[in-house]
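# Architecture and fold: a report
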Amino acid sequence: MVGHLDADCFYVSAERVRHPDLAGKPVGVLGNNGACVIAKSYELKAHGVKTGTPVWDAKALCPEGVCVKRDFRWYEVLSRKMLGIVSTFSRSLEYYSIDEFFFEAAPLHHRTDLARSAVSIRDLVREAAGLPITIGVARTRTLAKLFSDTAKPFGAVVVLDRDHEREKLAKLPVTEISGIGNRRAARLAPHGIFTCLDLADADGRLVNRLLTKTGYEIWLELNGTPVTPIRPQRPPHKVLARGGSLMGDVTDPRVL
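What you see is a predicted model, and the numbers here were worked out from it, not measured in a lab.

Reading the values: the criteria
Residues numbered from 1 in each chain as written. Predicted model: local features only at pLDDT ≥ 70, side-chain atom pairs only at ≥ 80, totals over all residues. Heavy atoms only, no water. Pairing = 2+ DSSP bridges. Helix = DSSP H or I, 4+ residues; strand = E, 2+ residues; numbered from the N terminus. Axes fitted to C-alpha atoms, helices over the stretch in contact; angles between N-to-C directions. Core = buried A, V, L, I, M, F, W, Y, C linked by side-chain atoms within 4.5 Å. Buried < 20%, exposed > 50% of the residue type's maximum accessible area, 1.4 Å probe, protein only. Contact = heavy atoms within 4.5 Å. Expected span 1.5 Å × (residues − 1). Bend = angle between axes of the 7 residues up to and from the residue. Polar contact = N/O pair within 3.5 Å; in protein donor to acceptor, adjacent residues only side chain to side chain. Phe/Tyr/Trp six-rings, centres within 6.5 Å; stacked < 30°, edge-to-face > 60°. Lys NZ or Arg CZ within 6 Å of the ring centre and 35° of its normal. Salt bridge = Lys/Arg side-chain N within 4 Å of Asp/Glu carboxyl O.

Moving on, we get to the sheet that holds strand S4 (residues 66–69). Taken together, three strands build an open sheet; the order of strands is S3-S2-S4 and the sheet is mixed. Edge strands, defined here as strands with exactly one partner in the open sheet, are strand S3 (37–40) and S4. In this sheet, adjacent strand axes meet at a mean angle of 30° when their direction is disregarded. The sheet contact formed by strand S2 (residues 27–30) and S4 spans four bridges and is parallel. Considered in S4, the bridge of Leu 30 is made with Lys 69.

Printed below as a string of structure tokens:
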């Protein structure tokens, strides 16, 4: 079984760890130049503020909202703390992004089922790191990620049998799958494929023709066949493309 951990509103939650007075308030985290909202709390989202909304528009939509500047160094600290916590419970763990991990899911104790284990990990991360997270456990990475999204915020869901999988997939539009955007969805629509279950039930050869190898692998994972393994080796940052990931000022040209 594969587990997917996703921090809820990670940048906002990280700011609330060191600024507890922000709890319950509409909060937006601003980008490098402070002009746009790059992350928002559920309270701010309820006012119509979206990722990419200019700060002046966000203030117009929610005058009582609080905007803070991003601090990627602090977010990295908490991300590594989460990573350390989860690594104590899993033999194989993948750092997928700063706020998302995949891990090999197994009961914490021989008398504990997966559902209780997922709740225990979720609660421990909240207690030790101060961060609300959501965990989904399923037969493949694609399924685990889809199901964890349905349990947000601060949820824990374990889907073990095919009937339960089909019930959940039927409620999810195909665009909920990472890698299938509006263009790919438009290719699927003429064939009656609108939900994740429609895609899972489609002919694999048709999916391969419409979405190529990547789409076919998604189809396999939707049907419970693991394609992409958990990759414990963390890929290096592309720091020139992600200036925010540089850890502080660098004065030595050789280090830079």
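There is more to say, and it comes next.
This part takes up the nonpolar core. Nonpolar side chains in soluble globular proteins generally cluster together in the buried interior. Counting 32 residues, the largest nonpolar core has Leu 5, Phe 10, Met 82, Phe 103, Val 125 and Ile 135 as its most contacted members. Setting aside residues up to four positions removed in sequence, Phe 10 forms contacts with Tyr 75, Leu 78, Ser 79, Met 82, Ile 98, Asp 99 and Leu 131. Of all hydrophobic cores here, the second largest spans 31 residues; its members include Leu 143, Ala 185, Leu 197 and Ile 218.

Let us look at helix H10 (residues 204–222). Relative to the 27 Å expected for 19 residues at 1.5 Å per residue, H10 spans just 11 Å between its end C-alpha atoms, considerably shorter than the ideal helical length. When the local axis directions of H10 are compared, the greatest deviation, roughly 135°, occurs at Thr 212. Those residues of H10 lying buried are Gly 204, Leu 206, Val 207, Leu 210, Leu 211, Gly 215, Ile 218, Trp 219, Leu 220, Glu 221 and Leu 222. Looking at the buried positions of H10, the neighbouring elements they touch are helix H6 (141–150), helix H7 (162–169), helix H8 (182–188) and helix H9 (196–201). Capping of H10 at its N-terminal end is provided by Asp 203; its side-chain oxygen lies 2.7 Å from the backbone amide nitrogen of Arg 205. Immediately downstream of H10, the backbone of Gly 224 shows phi near 90°, a positive value.

Taken as a whole and judged by the stated rule, the model has eight aromatic pairs. The interplanar angle of 55° and the centroid separation of 6.0 Å between the aromatic rings of Phe 10 and Tyr 11 together place this pair among those described as tilted. Tyr 11 matches Phe 10 in its accessibility class, with the two residues each being buried. Taken together, Phe 10, Tyr 11, Phe 72 and Tyr 75 form an aromatic cluster joined through their ring pairs. A cation over a ring is seen here: Arg 122 above Phe 154, with NZ or CZ 4.2 Å from the ring centre. For the cation-ring pair, Arg 141 lies above Phe 102, with the distance from its terminal atom to the ring centre recorded as 4.1 Å.

Another point: the pattern of salt bridges. On inspection of all chains with the given rule, the structure shows 17 salt bridges. The salt bridge involving Arg 18 is made with Asp 71; its shortest N-O contact spans 3.1 Å. With Arg 18 in helix H1 (residues 10–18) and Asp 71 in the loop between S4 and helix H4 (72–87), this pair connects stretches of sequence that are 53 residues apart. Judged by relative accessible area, Asp 71 falls into the partly exposed class, the value being 21%. Among the ionic pairs, Glu 76 bridges to Arg 80, the shortest N-O distance being 3.1 Å. Here the residue Glu 76 and the residue Arg 80 both occupy positions in helix H4, the gap between them amounting to four residues, near one helical turn. Take Arg 80: its relative accessible area is 48%, and that puts it in the partly exposed class.

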